[in-house]
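Results of the structural survey
Below, each chain spelled out in residue letters.
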Amino acid sequence: MSIAKPDALQLTIKQKSAVVIGLLGLFILVLALANVNFPYKETFLAASMILIAAGTIIYSREAYLSKHEGIKNDGAWFKSTSARGLWGWIIGLVLTGFYIVLYFFPEYLGLGTDGANNTGLIGLFDPLSQLLSGRNASQWFVYGTLYTMAILVFGYKFLLKYRHNRYQRLRTFSVMFFQLAFAFLIPEFMYVMNNDLPYYDLKSIWPLNYYLFDEWSVKAFLSAGHIGLALLLFGIISIFIITPILTYKYGKRWYCSWVCGCGGLAETAGDPFRHLSSKKLSAWKMERWLIHTVLVFSVVMTTAVIYSYLGYDKNDFWLTRGVFIALVTGLLSILFTGVMLFKRHEFGKDAKYGAIGFFTVIMLLLVMHFTGTTDKLFFVKSSALRSAYGLYIGSIFSGVIGTGFYPIFGNRVWCRFGCPMAAILGFQQRLFSKFRITTNGGQCISCGNCSTYCEMGIDVRAYAQKGENIVRSSCVGCGICAAVCPRGVLKLENDSMKGRINPTEILLGNDVNLMELVNKKQ
Amino acid sequence: MDNIVIIGNGISGVTLARHVRKFSDHRITLISGETDYFFSRTALMYVYMGHMKFEHTQPYENWFWKKNRIELRKGIVNKVDTNSKTLKFSNGETMSYDKLVIATGSKPNKFGWPGQDLEGVMGLYHKQDLDNLEKHAPNNEVCKRAVIVGGGLIGIELAEMLSSRSIPVTFLVRESSFWNGVLPEGESQMINRHIIKHGIDLRLSSNLKEIKAGANGKVSSIILEETGEEISCDVVGLTAGVSPNIDFLKNSEIETNRGVLVNRYLETNIPDVFAIGDCAEQRKAIGNRPTIEAVWYTGRMMGEALAQTLCGNRMPYNPGHWFNSAKFFDIEYQTYGWVHSKKKKPDYEAQFHWRHEDDTKCITVAYHKDTKMFLGINTFGIRMRHKTFNQWLSEERKVDYVIEHLAEANFDPEFYARYETEIVDAFHKKLQIA
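**Describing the domain arrangement of chain B**
Residues and elements named next belong to chain B. Each assigned domain of chain B is listed with its residue range as follows: domain 1 (3-107 + 243-310), domain 2 (121-240) and domain 3 (323-433). Inter-centroid distance (C-alpha atoms) of domain 2 to domain 3 is 30 Å. Across the boundary between the two partners, domain 2 contributes 16 residues, which contact 17 residues of domain 3. Elements with a minimum of two residues in the side of domain 2 that touches domain 3: helix H5 (153-163) and helix H6 (185-197). Per-element tally for the side of domain 2 that touches domain 3: the top contributor is H6, with 7 residues. In the side of domain 2 that touches domain 3, the residues fall into 7 nonpolar, 5 polar and 4 charged.

This is how it looks when you write it as structure tokens:
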């Protein structure tokens, strides 16, 4: 097949100018990174932000508003950036490099150490940080600002691309709002009101927010008075009460594609890469093992960390090690037996192995407690476990690989293979939720648009062409499969639990008796 | 254990093979001259448009066939000897069978136009047509204009494909309005306007007279029958329908007409030889259906039915209520039951038509003018639930019931604007006038 790039995909003059404007904005950041000392930092920072935003906005308006409303995937597999071409690899390498520097060498970004002033890129962001919270910027402030910018400007682009689709628009407004308000502005204002409070993004829920229950974090909350205690309680309620209720009613999408910041970036800046996720069965197998391993790792790590700073008696915390370990094992055992009793028939073989492995871990925790292996877990210090988790999962997996590799493996690598929060939500979505994607009778033509554009690598077509509903733990409910379907076959729905999973071929159209026969014999 | 040989790896042949494997241990061989593996023909357009790569059109990974013991054989059968139960391939090899299934699909129609076999003239059906199009119309410099002949579903898809690469398209439609042999007038005219809005040079009531070659032997222009106008172009797409792809059966004893003649059990005149999908022709029409149904869904359904017969449970092809779907540029279309065009409308059929003011959504509901029984619905730009309409058709609901309960059948994504109230009002207003 010819690889001649179709002319229709060439950029218009207006779009080329928009790219130049955006690159100018980025260039200011690059100069700052190269330690050019700008005289009027606030002016240059503002100029940079405005140029980047203006470039993206002009580009997107030219790309979508000149065309009719509808699906806009023309040339997705011809463009260098979105089809793993040279530009795709360059963007991937630049992003990966940025994450490595951000996590491991912030001094290269200009972070002032030992009380020294910030210089370089971080120094450029000082005026904005001063404006919001009256303190100098950190590498995390810079990252947070750029992250929020990305969600806002590419969110705008997405809104234009899907302007015919109200589900997509509302969902995108939602992630833009939650990023700007909850992840960016509110934590800064909270600091202004009470600077004992640790940074807390209210929508970032444990175990995604893996440091929430660290000793320093808990102590900081507790020392910040009632508001601190309230926030800590909110963190506990989020995962144990709010999450199960919302996931039961709406599926995991309420979080993953409406609220979460990782999801927010994936759905906006990551949208041009969604078709790059692997749909192979082997990728699905790997996904199931990997994501549940991370979940077990995070549960064990958090338990060990909390356990190690709790005392033996009530003098330090009201919660003693004995009570805590009883709570954890009790909760996990109830969960395990409940699922095994009521839902075991819905499990695949490897899911059973996984569940049994999980239960073994709980038992080991108990043994650990009663044999008095105090601050070690499986002969590893809990602090070592914690730093390993922070390094390998928190930084490398979620940042460097999860975002840096967008143009190579697709935009949901972290959400699909690594996020422990997604694993918990997915587990519930598969077993106790009203959410499903309904297949419309016999209308599927097996074209494969749904599977191609599923960012989570679900082979949606495999279900649709058999007339099965799609009930998969990994589905984040982005709704793109339903949007790109040319025959109106897929619909995201919350309906009753009964008949939600229909693992039989019920394609409508043929002789009713024949279809009954097909199902019976299966 | 039988040795079942299926010629054709399209949706009919593959559905049959999958179902036979599910219910039996018969040996299954799938023969294709087109591709190594099954792909979804309906998705070829998205490969040209860059939405997908060709591999994405393959619904099963390549290991699937071996795992399910379905043998694949690439080759073209050019002779069938039903006495010795042997197939002869174009390369001289032979293959024997116990049961033979012909599932060779269709080929684009050519009506003897001068120049119809020139380089740059093509249909859009096979994988090879896609490769050919990529060769002759990679961009609007190589292909300065394309002319499409034939206003059906494939024609409008080809128009959408070419315009995705900014290639100017002239679209010749024989009828006075797009696809109005099938669609009622209101719908057909809405699609006319939509086609024009997408920058297509739509020529209604226009026929092709001849295709002319340039100095290089390739297409250089076409001449219109009605006006004699000459339109220069680099590609001509022939999309004036399809017909059964059964030339290789000419000298066999298998009885054919336009397609391979079969009874309700999909059996031909020769024992142990069957035909399914586009290439099968029913000896007697089933209900309102044409004797040759060149539709994705019916091919699949025939495969399901014949699999039962081949596994020892003789079953007729007994399709349920008619349904179909398509997409015209940005407008999706679904149909359930029968809604007839102006030309084909039976006397008893009355229609209620509603169109949204934005000119991208409309529905037509057909009902019996005396009994008021609901007969079918065409819906454009609003997705509707197959299951609900299937049920209403089986329950023989009255048209009032269907209109009043239309909201239950809505299948649009969440938060979409709803039009049921407007439709119900329009329906009652129409009744008052009538």
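Now that the structure has been shown, we can carry on.
**Things to note about the interface of chain B and chain A**
Contacts between the two partners involve 52 residues from chain B and, on the opposite side, 50 residues from chain A. Looking at the side of chain B that touches chain A, the elements that each hand over two or more residues are helix H4 (127-136), helix H7 (296-310), strand E21 (323-328), strand E22 (331-337) and helix H8 (386-394) of chain B. The leading source of residues in the side of chain B that touches chain A is H7(B), at 6 residues. By residue class, the composition of the side of chain B that touches chain A is 18 nonpolar, 18 polar and 16 charged.

**As for the sheet that holds strand E24 (residues 362-368) of chain B**
Residues and elements named next belong to chain B. Read from one edge of the open sheet, 5 strands run E21-E22-E25-E24-E23, paired in antiparallel fashion. One side of each edge strand has no neighbouring strand; the edge strands of this open sheet are E21 and strand E23 (349-355). Taking the axes of each pair of neighbouring strands and ignoring which way they run, one obtains an average angle of 10° across the sheet. Bridging between E24 and strand E25 (residues 374-380) involves 6 bridges; their strand directions are antiparallel. When the bridges of E25 are listed, Cys362 appears paired with Phe380. Running over the sheet, H6 touches E21, E22, E23, E24 and E25 and is turned about 165° from E24.

**As for unusual backbone geometry**
Negative phi characterises most residues that are not glycine, and trans characterises most peptide bonds. Of note, the amide linkage connecting Trp206(A) to Pro207(A) takes the cis form, showing an omega dihedral of 10°. Relative to the helices and strands, Pro207(A) resides in the loop between helix H7 (166-193) and helix H8 (215-223). Residues other than glycine seldom take positive phi values, yet Arg69(B) does so here, at roughly 50°. Here Arg69(B) lies in the loop between helix H3 (64-67) and strand E3 (70-74). Assessed through the 12 C-beta atoms surrounding it within 10 Å, Arg69(B) is described here as exposed.

**What to know about the domain arrangement of chain A**
Residues and elements named next belong to chain A. The domain boundaries assigned to chain A delineate domain 1 (1-67 + 105-191) and domain 2 (194-522). Inter-centroid distance (C-alpha atoms) of domain 1 to domain 2 is 29 Å. At the interface, 22 residues of domain 1 touch 21 residues of domain 2. Residues belonging to the side of domain 1 that touches domain 2 are distributed by class as follows: 15 nonpolar, 6 polar and 1 charged.

**Focus on helix H11 (residues 261-268) of chain A**
All names here are of chain A. For H11, the buried fraction is high: 8 of the 8 residues fall into the buried class. Along H11, the positions that sit buried rather than exposed are Gly261, Cys262, Gly263, Gly264, Leu265, Ala266, Glu267 and Thr268. Against helix H6 (139-161), H7, helix H10 (253-256) and helix H17 (413-417) lie the buried residues of H11.

Rules behind the numbers
Residues numbered from 1 in each chain as written. Chains lettered and ligands numbered in written order. Predicted model: local features only at pLDDT ≥ 70, side-chain atom pairs only at ≥ 80, totals over all residues. Domains from an automatic or database assignment. Contact = placed C-beta atoms within 7 Å. Helix = DSSP H or I, 4+ residues; strand = E, 2+ residues; numbered from the N terminus. Nonpolar A, V, L, I, M, F, W, Y, C, P; charged D, E, K, R; others polar. Pairing = 2+ DSSP bridges. Axes fitted to C-alpha atoms, helices over the stretch in contact; angles between N-to-C directions. Buried ≥ 20, exposed ≤ 12 C-beta atoms within 10 Å, placed from the backbone.

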